[in-house]
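# Working through the structure, step by step
Read off the chains here:
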Amino acid sequence: MAKVVNYISDAFNELKSHVTWTPWAEVQRYTIIVTIFTVIFSLATWGADTVFAKALAGFFNLLNG
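So, here is what we can say about the structure in this document. Keep in mind the model is a prediction, meaning the values are calculated, not measured.

Take the overall build of the protein next. From N to C terminus, the protein includes two helices and zero strands. Rg of the C-alpha trace for the protein: 25 Å, well past the compact-globule value of 11 Å for 65 residues, more than 25% over. Viewed in the frame of its principal axes, the protein has a C-alpha envelope of about 75 × 35 × 10 Å. A buried classification covers 0% of the 65 residues belonging to the protein.

Moving on, we come to a nonpolar patch on the surface. Taken together, Met1, Val4, Val5, Tyr7, Ile8, Phe12, Leu15, Val19 and Trp21 make up a surface patch of nonpolar side chains, about 1,000 Å² in accessible area. Structurally, Val19 is set in the loop between helix H1 (2–17) and helix H2 (24–64).

So, how was this worked out
- Residues numbered from 1 in each chain as written.
- Predicted model: local features only at pLDDT ≥ 70, side-chain atom pairs only at ≥ 80, totals over all residues.
- Heavy atoms only, no water.
- Helix = DSSP H or I, 4+ residues; strand = E, 2+ residues; numbered from the N terminus.
- Rg over C-alpha atoms; globule rule 2.2 N^0.38 Å.
- Buried < 20%, exposed > 50% of the residue type's maximum accessible area, 1.4 Å probe, protein only.
- Patch = residues over 30% accessible without salt bridge, like charges linked within 9 Å, V, L, I, M, F, W, Y side chains within 5 Å.
- Areas by Shrake-Rupley, 256 points an atom, 1.4 Å probe, with all protein chains shown as cover.
- Salt bridge = Lys/Arg side-chain N within 4 Å of Asp/Glu carboxyl O.

See below:
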């Protein structure tokens with residue numbers, strides 16, 4: 001059990017003293033950029049799905065009709 005506690009303590013020490021963290025303003029900017037592109041990509045995927053669904057429905061209506 002002491003090894004686990006020591007490992008966690010060393011990990012926190014490493015994160016505090018040896019890791020270079022990205023500035024908070026840059027993190028916020030990248031988060032906004034990723035969010036915008038995620039929304040755009042989701043809308044594009046939804047649009048393509050809608051177009052293909054209507055195309056397939058029209059095709060099958062022609063076959064049945």
